[in-house]
Amino acid sequence: MTPVNANAADNLYRVLIADDEPIIREGIREAMDWAALGMEVVGEAEDGEEALERAVELNVHVVLVDMNMPFLNGIGLIRALQEQCPGVRYLIISGHDEFAYAQEAVRLGVEDYILKPVQADQLRAALERLRQRLDEEHQRTAYVRQAAEQIERNIPLLRQRFCQEWMEGQAGGKSLMEQLAFLHLPSVSPVQVGVVRWPAAEARQTILRENDRQLFLFAMENIISELLGDHPHVLFRDASSVIGICLWQETPEEIALLLEQQISACLNIAVHAHVEPHRGTLEEVPGTYRHCREQVYEEVKLSPLVRRARQLIQEEYAERELTLESLASRLQVSAVYLSRVLKKELNDSFVTLVTHARIRKAAQLLDSTSLPIHTIAERVGYDTQHYFSTAFKKTMGISPAQYRKNGGTDSSTAGSL
C-alpha cells in the first residue's frame, strides 16, 4: 500500500473492531475521526471466531482486539491471524491490567495495549503511532520492490559484468554460486566457452569512430545471439572488446566457423572465433576462456591461405574425395606449397588436420548418439570401420568402443583436437 491519503478511500488502512460489547464497539467507532487518521472501519466482530473470519474476508490492516471475547480470546485470535494474515497489526483494548497478558502481547508483536475505559486521546495517539509505523513499513516495501524491479531490468547487464569479472578471476567459491543463482544462471559449469575477436576494433590507426565501433560490436553480439538461439548463454566483452561466450548447452562443433561466416556476411568485416568444450569446475572456467583468447590471437599470425584451407577442411572433412591435391587446386596453389605452409603455420600436415577434424566429429557422435560405430565411420569420411578405429585409437589413445563405454575421455590428446 502507498502512503495514506485522506482524500482517497482506496489508500486508507482497513480496521476491524473486535469486542463482545456493542457499546464499546460503537464508542470506539464514533470517538475517532478515522479519515483524519488515514484509516476506515470496515467491519466489527463480537467474538474471536467471527473476528478471525471477518479479518481474512475483509483483508484488514489493523485489528483492535478485546482480550476477553467468547469462543476465541484475544491472544488466540492474534495467534490464528499471524498464521493466516501475517501482515496484520494489532492494538489490544482490555479491561485486565495483568502483567501476563501484557507480556504475551509483547511477545506476539502487538503494537499497543490500552486499558478500558478507553480514553479517546490515548486511543488516538496509539492509532497515530500505528499509522506512522504502517506508513514507514509500506514505504520500505515500496523501495525494496522498486529496487527488485530495477535489478530485474538490469539482469542482462549484470550478467555481462559478472561474467567479465569471473573470467578475470575475480569471482570464486560460495560467492560464485550465489551470484550465478542471483542472476538466474545455471549453478553448474558452462559446457562450452568461446570468444569472438574483431582485430580491426583494436587497431590504433582504425578509421572507425568510437560510435561506429560500438555499433559494430553491438551488431556482432546480436548476430551471435541469433545464431546461438535457445542455447542458454551469456555474452560479455572484456577490456579489449573481445566478445566472450559462456554456453550451458552444447552447440555444433562448427559453431565458431558459422559465427565467422555469418558476421562476415552481414557486416563485411573479418573476425576470428574459437569455441571449445569446458569439462572442469566453475573455478576453472577462466582458464578455458584464456585458452580461447590465446587461440584467436594466434589467428593473426596465419596467412589468409592457411585460414581458408583450414576452413575448407573443417567444412568438408567427411568428403572422401578431399585430398591435398584437390584442396590445393581449389586454392589455386601447388600441393607442395600448400603442404609446406600448413606445416609451417599450423605445425600439422594436411593428413593430420583432416584426421583431427574427422575424429573430433566422431567423438561428438559417440558422445551424443547411439549410432553404430560403422555408421559413424562412414559419416566422418572413412571407407571401413577398421581404418576408422585405427585412426581413432591412434589419436585418442582408446578405441571408439572404449570411448563410448567410458562416456568420453578427458585425455590431453582429445582436448587438443
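Preceding this section is the structure that the text describes.
Residues numbered from 1 in each chain as written. Predicted model: local features only at pLDDT ≥ 70, side-chain atom pairs only at ≥ 80, totals over all residues. Heavy atoms only, no water.

Asker: Any chance you could explain the sheet that holds strand 9 (residues 272-277) here in plain terms?
Answerer: For sheets, the rule is that strands pair by backbone hydrogen bonds, running either parallel or antiparallel. Taken in spatial order, the 4 strands line up as 7-8-6-9 in an open sheet, and their pairing is antiparallel. Only two strands of the sheet have a single partner each, and these edge strands are strand 7 (233-237) and strand 9. The average undirected angle you get between the axes of adjacent strands in this sheet is 15°. Both strand 6 (residues 192-197) and strand 8 (residues 243-247) contribute to a ladder of 5 bridges, which runs antiparallel. If you follow Gln 192 over to strand 8, its bridge partner there is Leu 247. (Pairing = 2+ DSSP bridges. Helix = DSSP H or I, 4+ residues; strand = E, 2+ residues; numbered from the N terminus. Axes fitted to C-alpha atoms, helices over the stretch in contact; angles between N-to-C directions.)

Asker: Could you clarify how one ought to interpret the packing of aromatic side chains in this entry?
Answerer: Between two aromatic rings, the relevant description is the distance of the centres plus the angle of the planes. Taken as a whole, this structure holds 7 aromatic pairs when the rule is applied. Ring centres of Tyr 382 and Tyr 387 lie 5.4 Å apart, and the angle between their planes is 90°; this geometry places the pair in the edge-to-face category. Geometrically, the ring pair formed by Phe 392 and Tyr 403 is edge-to-face, given 5.5 Å between the ring centres and 80° between the ring planes. Placement of Phe 392 in helix 17 (residues 385-396) and of Tyr 403 in helix 18 (residues 400-405) is noted, with a sequence separation of 11 residues between them. Grouped by ring-pair contacts, the aromatic residues Tyr 382, Tyr 387, Phe 388, Phe 392 and Tyr 403 constitute a single cluster. Above the ring of Tyr 382, the side-chain terminus of Arg 358 is found at 5.2 Å from the ring centroid. (Phe/Tyr/Trp six-rings, centres within 6.5 Å; stacked < 30°, edge-to-face > 60°. Lys NZ or Arg CZ within 6 Å of the ring centre and 35° of its normal.)

Asker: I keep staring at the layout of surface pockets and nothing clicks. Help me out?
Answerer: Summary: where empty space remains is shown by rolling a probe the size of a single water molecule over the atoms. By volume, the second largest pocket amounts to about 440 Å³. Along the wall of the second largest pocket there are 18 residues; nearest its centre are Val 351, Thr 355, Tyr 382, Tyr 387 and Ala 391. Residue assignment for the lining of the second largest pocket shows that the elements contributing at least two residues are helix 15 (350-368) and helix 17. When residues of the lining of the second largest pocket are assigned to their parent elements, the largest contribution, 7 residues, is made by helix 15. When the residues that make up the lining of the second largest pocket are grouped by side-chain class, the tally is 7 nonpolar, 7 polar and 4 charged. (1 Å grid on protein atoms, 1.4 Å probe; cavity = no way out; pocket = protein on both sides within 12 Å on 5 of 7 lines; lining within 4 Å. Points joined across faces, edges and corners; volume = space filled by probe spheres on them. Nonpolar A, V, L, I, M, F, W, Y, C, P; charged D, E, K, R; others polar.)

Asker: Any chance you could explain the pairing of strand 7 here in plain terms?
Answerer: Two faces belong to every sheet, and in a regular strand the side chains alternate between them. Across 5 bridges, the pairing between strand 7 and strand 8 is antiparallel. Directly across from Leu 235, in strand 8, lies its bridge partner Ile 245. Where strand 7 folds back on strand 8, the antiparallel hairpin that results is connected by 5 residues, among which Ser 241 adopts a positive phi of roughly 70°.

Asker: Could you clarify how one ought to interpret the packing of helix 13 (residues 324-331) against helix 14 (residues 335-346) in this entry?
Answerer: Angle between the axes and distance between the axes: these two values describe a pair of packed helices. Relative orientation of the contacting elements helix 13 and helix 14 amounts to 95°, with a least axis distance of 8 Å. Considering their axes alone, helix 13 and helix 14 lie roughly perpendicular with respect to each other. Note on element contacts: helix 14 touches helix 13 through Ala 335, Leu 338 and Ser 339, opposite Leu 324, Glu 325, Leu 327, Ala 328 and Leu 331. Counted by class, the contact of helix 13 with helix 14 contains 6 nonpolar, 1 polar and 1 charged residues. (Parallel < 35°, antiparallel > 145°, perpendicular 65-115°, else oblique. Contact = heavy atoms within 4.5 Å.)

Asker: Looking at this structure, I do not really get the pattern of salt bridges. What am I missing?
Answerer: Opposite charge on two side chains allows them to pair when their charged atoms are near. In total, this model carries 9 salt bridges according to the counting rule given. In this structure, the salt-bridge partner of Glu 44 is Arg 25, at a minimum N-O distance of 3.1 Å. Separated by 19 residues along the polypeptide, Glu 44 in strand 2 (residues 39-45) and Arg 25 in helix 1 (residues 22-31) bring together distant segments of the chain. The buried category is assigned to Arg 25, whose relative accessible area is 10%. A salt bridge links Asp 238 to Arg 293, with the shortest nitrogen-to-oxygen separation between them at 2.2 Å. Here Arg 293 lies in helix 11 (residues 285-298) and Asp 238 lies in the loop between strand 7 and strand 8, a separation of 55 residues in the sequence. Where salt bridges share partners, they join Arg 25, Arg 29, Glu 30 and Glu 44 into one cluster. (Salt bridge = Lys/Arg side-chain N within 4 Å of Asp/Glu carboxyl O. Buried < 20%, exposed > 50% of the residue type's maximum accessible area, 1.4 Å probe, protein only.)

Asker: Help me out: how do you make sense of the sheet that holds strand 5 (residues 112-115) in this one?
Answerer: Read from one edge of the open sheet, 5 strands run 2-1-3-4-5, paired in parallel fashion. The open sheet terminates on both sides in strands that have one partner only, identified here as strand 2 and strand 5. The sheet shows a mean angle of 20° between the axes of neighbouring strands, taken without regard to direction. With 4 bridges joining them, strand 4 (residues 89-94) and strand 5 adopt parallel strand pairing. Within the sheet, the bridge partner assigned to Ser 94 lies in strand 5 and is Leu 115. Contacting strand 1 (13-18), strand 2, strand 3 (62-66) and strand 4, helix 1 crosses the sheet at an angle of about 175° to strand 2. Each of strand 1, strand 2, strand 3, strand 4 and strand 5 touches helix 5 (residues 120-153); the most contacted strand, strand 4, lies at about 170° to it.

Asker: Quick question: what am I supposed to make of helix 9 (residues 210-228) here?
Answerer: For helix 9, which comprises 19 residues, the first-to-last C-alpha distance of 27 Å matches the rise-based estimate of 27 Å (1.5 Å per residue) to within 8%. For helix 9, the full list of buried residues reads Arg 213, Leu 217, Ala 219, Met 220, Glu 221, Ile 223, Ile 224 and Leu 228. Residues of helix 9 that are buried in the fold lie against strand 6, helix 8 (199-202), strand 7, strand 8 and helix 10 (255-267). (Expected span 1.5 Å × (residues − 1).)

These results come straight from atomic positions and should not be treated as a statement about function.
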